[in-house]
Every structure is written in C-alpha cells, then in structure tokens.
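# Observations on the three-dimensional arrangement
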Amino acid sequence: MTSIEKFIDLNQSLFIKTATDIWEYAEVGYQEFKSAACMAELLKSYGFRVQQGVGDAHTAFIAEYGTGAPIIGLMAEYDALPNLSQKLGVKQEALKPGANGHGCGHNLLGTAALAAAIAVKEAIESGEVQGTIRLYGTPAEELLTGKVYMAKQGVFDDLDIALGWHPEGVNAVFEMSTSAMRSAKFHFKGVTAHAASDPFNGRSALDAVELMNISANYLREHVLPGVKIHYATIVSDLVPNIVPDKASVWYFVRGNDTNVVNDVYERLVHCANGAAEMTGTDYTIEFLGGCSDYMPSRTLNKVLWEEMSKIPVPKYTEEEHEFAREVGLYSAESGERFRDSLEAAYGVEAREGHICEFLAPLSDIKAKTTIAGSLDIGDVSKIVPTAQFTAVCQGYSCGSHGWQCTSFSASNIGMQGMLYAAKAMGNMSVRLMNDSDLVSAAKEEFKNKLKGVRYKSPLPDHWKPGM
Ligand SMILES: [Zn+2]
C-alpha cells in the first residue's frame, strides 16, 4: 500500500464528511459558495496557498502546495443540478421538494480530488516526491463553462499535466473523446401591428425565427458527419391577431471537433442574418457558452490504468447490491444497455451483481469513440496533456442526472468510489512526480496531436460567468 492510500484510509472519515456536507449544500453552477469555501478552508488548514475566486468566477478557487516542476493539476467540481433533491433511499422522495440535488455526484468528484491533493501534499512534505500539486476548484461543470472560463483566464497555462475523474457505473480509464459545443439564444425584434387590418406595418419576429429554423434545417445536409444542431423556439403569450414583435430561438451545435463546431455556429449566424434581412427584423445574440472536444492523452491513459490496477477495487456487501438493485428497478432497461456496452467495449462479464466490482481493461473501441455529450475538461485537454477516469459510485442501472444518482451520491457505495478515485488520482500524481520521462512523453504526444494549433477559447471576450 502506498503512502497516498494509507493517508486516505486513515483520514477517510474527514473526506466522507466533506462529501456529505457538499451533498447537503447542493448548490448549482456559480452559486457554490458554501461548497467552495468548505474545500478552500480545509486546504488552508493543511498549508495550501489558496486563491479564492478566478476573474468573475467567484466560486472558483486554486489551491497549491509545493514548489517547482512538475506542476500537477487536479480538477475538482462541486455543482449540483436543479430539482434533483432526493433522500438517501431506494424510492424517489425529495429531501426538500423543488430543491437542488447532487444528481451527477460532483460532491464525490470534488472531494476525491481534494483528498488526493492533500495526500500528495503529505508526500511532498515528507520528501517522498518533489513538485507542485495544484487543486483547481472548477464551478458550474453542468453549465459547461466553469473550466472554459478559467482556461480563458490562463490559469492552466503553466501546468504540466491535468487529471480528472467522474463518478460512474464502471471503474475505467476515460478513453473516449467528447463533443465540442456552442450554445446561444437568438433574440429577434420586430414591429407589432394588427394582424388583420394593419399587417403591412408589422414585422414579425416569429417569422424570422421560423425562417432561421428552416435555413438551419437545410444547413444540416451540408455539415460534416457527427455535427448535431438542436434548437428550441422560445415564444410566450403570442396570439394570432397581433403581429409578434418578439420571439427567440435557442440553439446548440455539437460535433467532434471544436473548429468544426465553430464553423457551423458561424454559418448559423448567417442563417440568423438572412432571416432578419428577409423579415425586416433585428436580432441580438445571447452567447450562453461553449466548450471544446476532449482530447485524451493515450500516454497518460496507459499509466493511469496501471496505477488504477494496483489499488484494490471496492467490493460491496449483499445489502449494497440489494440497494443498487432496488434503485435500478426504475431504469432497468438502460442498466441492461449499460452492461451490454461494457461487454462489447471491454469484453468483460458484467452480469454479476448490481454494482461493478472490477477495473475495466483499456479498450480500442472506447479509444475510437466520441460520445455525444460534452465536458468542460475538453478545454483543459487542449492546453495541457490530460487524463481522466471513472470510478464506481452507483449501480449498473443508474444513469446520471436523475434522483437515483443523488441517492447514490450520499451512500456508502458513492463514498467508497470517492475514496478509490482519491487513491488513483493521488498515486498517479506521485508517479508523474517521480517519472519525468512520462511527463515528457505525454507532452510530446500532445504537441504532435495539436500540430502547432494554439488553443482558442470558445467564449467571446465580453462573456462573464452567470450571464
Ligand atoms: Zn457530471
């Protein structure tokens, strides 16, 4: 057992308490004041230099210990989701109806990164390793802008390596890419008029929205495979006998590559221009955010898997399997699909029990996959070599963003996954500090992949958190 693992085991009650406190705070993106403060205070008490707030992101923080190279950055998230309040139990029952809940397990995510950072600090202090451990408190992951905004402030620029993880239903290195994304609302403004007696003087904002949507639907045929365009029209209180002077439409553009997504987004703006021109209306763009695709480091992934394989994977009691079975009754079909996907991608047997008790091998199939969803760590991965993994914090039949996940995120199953993740992150950081060749090899791969293209933020200069 490494010194990291020993430290985390010895202090597990502190970390379980921290994860439970953040679960109870359940604060949504850019409102995570208590969650960020509780982590920052704990880090200060362990001797970390802590900067609270990054630019206009007041719930971001950066905590650092040690000096010199390498600088290893661990990503901590702690935002909750709206309306996912849930008691720790097997049936849907809100702790507080209508309140937020940790339906993506970020209370566990943030705490494991925090625990790993403190454990690595102990190793630096004892002289076991040399370098700098830095914990990034990254708000609003669910809004997909926290790390993107921090990236624009340049806070990742001097890092050597970045590491992250996410609670999931399988212990595995995260080998997939994720989709790049842009999100913007187009607000059209026209002129109202009596629709029957005076339509000549009216200029319909709703016509503009409809024409923009038609042109966007024609655009679909002429974009690269993998690009997705989704929209929702936003209208309120319109009646047919008044020419509508206000109407908006909200667009998402996703795709495998951030430059491609940017290009399609620009073409979408042309659609808005055309629609405004045709209808004699004006429009403004409310740019809500965007993130880059995630570029995994294959070099780091291999070593991360090695490190994970040395740590005993948590095993669960019969009661815990029963808990996972009962919670999973509500989403049994997606659980079956998840088990099938594990067997297909990793060639593993995922039929035993209701919670995964193994570490999945590396998978060529996963390494070639881009998942449809997006992660804001994508932007970090375009600035510095990045690796991440998933650790079991829930049963096979539990997806994210549901009450089931909020329940698991307060359970002993979640806490065991959090501790396992902390050990994996901690051991990997120590390995990187002891192996400068590994850091160099990861940087070489990174450089070759980017081919000299410098990171460009998807956020416009005027963009501010919580806008
Ligand atoms: Zn999440």
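Residues numbered from 1 in each chain as written. Predicted model: local features only at pLDDT ≥ 70, side-chain atom pairs only at ≥ 80, totals over all residues.

## Some details on the nonpolar core
Nonpolar side chains in soluble globular proteins tend to be buried together. The criterion, for reference: When buried Ala, Val, Leu, Ile, Met, Phe, Trp, Tyr and Cys residues are joined through C-beta atoms within 7 Å, the set is termed a nonpolar core. Burial is judged by counting other C-beta atoms within 10 Å of a residue's own C-beta: 20 or more means buried, 12 or fewer means exposed, and anything between counts as partly exposed, with every C-beta placed from the backbone. These domain limits were set by an automatic method or by a database of domain assignments. C-beta atoms are first placed from the backbone for all residues, and any pair lying within 7 Å is then listed as a contact.
Membership of the largest hydrophobic core comes to 144 residues, with the highest contact counts inside it found for Leu74, Ala112, Ala113, Ala422 and Met425. Structurally, this core is a two-domain feature, drawing no fewer than three residues from each of domain 1 (3–177 + 293–450) and domain 2 (180–290). Among all residues touching Ala112, those that are not within four sequence positions of it are Trp165, Met418, Ala421, Ala422 and Met425.

## So, the sheet that holds strand β6 (residues 172–173)
Cut-off, in case you're wondering: Pairing between two strands is assigned when DSSP locates at least 2 bridges connecting them. Elements are defined by DSSP. Helices are runs of H or I of four residues or more, strands are runs of E of two residues or more, and each kind is numbered from the N terminus.
The strand order across the open sheet formed by seven strands is β1-β2-β4-β3-β5-β13-β6, and the pairing between neighbours is mixed. Edge positions in the open sheet fall to β1 (49–54) and β6, since each of these has one partner strand only. Pairing of β6 with strand β13 (residues 386–392) involves two bridges; the strand directions are antiparallel. Looking at the pairing, Val173 lines up with Phe389 of β13.

## A closer look at the pairing of strand β8 (residues 180–189)
Counting buried residues along β8, seven of its ten residues qualify, which places the element largely inside the surrounding structure. Note: β8 against strand β10 (residues 246–255), ten bridges, orientation antiparallel. Within the sheet, the bridge partner assigned to Lys189 lies in β10 and is Lys246. One ladder, built from nine bridges, connects β8 with strand β11 (residues 282–291); its direction is antiparallel. For Ser183, the partnering residue across the bridge sits in β11 and is Gly289.

## A closer look at the sheet that holds β10
Just so we agree on the cut-off: Whenever a helix is involved, its axis is fitted only over the stretch in contact; in every case the axis is a line through C-alpha atoms, and angles between N-to-C directions fall within 0 to 180 degrees.
With respect to topology, four strands assemble into an open sheet ordered β9-β10-β8-β11, the strand pairing being antiparallel. Where the open sheet ends on each side, the last strands, each with one partner, are β9 (228–234) and β11. Strand after strand, the sheet turns through a mean of 15° between neighbouring axes, direction not considered. Pairing analysis gives seven bridges linking β9 to β10, with the strands arranged antiparallel. Pairing of Ala232 across the sheet is with Trp250, part of β10.

## Description of helix α6 (residues 205–219)
Heads up, the condition is: Helix span, expected: 1.5 Å multiplied by one less than the number of residues in the helix.
Taking 1.5 Å per residue, 15 residues should reach 21 Å; α6 reaches 21 Å between its end C-alpha atoms and fits that length. Within α6, burial applies to Ala205, Leu206, Asp207, Ala208, Val209, Leu211, Met212 and Ala216. Close packing links the buried residues of α6 with β8, β9, β10, α7 (258–279) and β11.

## Some words on the domain arrangement of the chain
Where interface size is quoted, it is often the accessible area lost as the parts come together. For the chain, the assigned domains are domain 1 (3–177 + 293–450) and domain 2 (180–290). The C-alpha-based centres of domain 1 and domain 2 are spaced at 37 Å. Opposite the nine residues of domain 1 that make contact, domain 2 presents nine residues.

## Side note on the environment of Glu266
Note that Glu266 resides in helix α7. Overall, the presence of 11 C-beta atoms within 10 Å leaves Glu266 in the exposed class. Sequence-wise, Glu266 and Asp207 are 59 residues apart; in three dimensions their C-alpha atoms are separated by 21 Å.

## Considerations on the environment of Val239
Positionally, Val239 belongs in the loop between β9 and β10. We classify Val239 as exposed; it has 7 C-beta atoms within 10 Å. Considering only alpha carbons, one finds Val239 and Ala195, 44 residues apart in sequence, at a separation of 9.6 Å.

## Quick notes on the pairing of β13
By the criterion of burial, β13 is predominantly enclosed, with six of the seven residues buried. One ladder, built from seven bridges, connects strand β5 (residues 161–168) with β13; its direction is parallel. When the sheet's bridge partners are listed, His166 is paired in β13 with Thr390.

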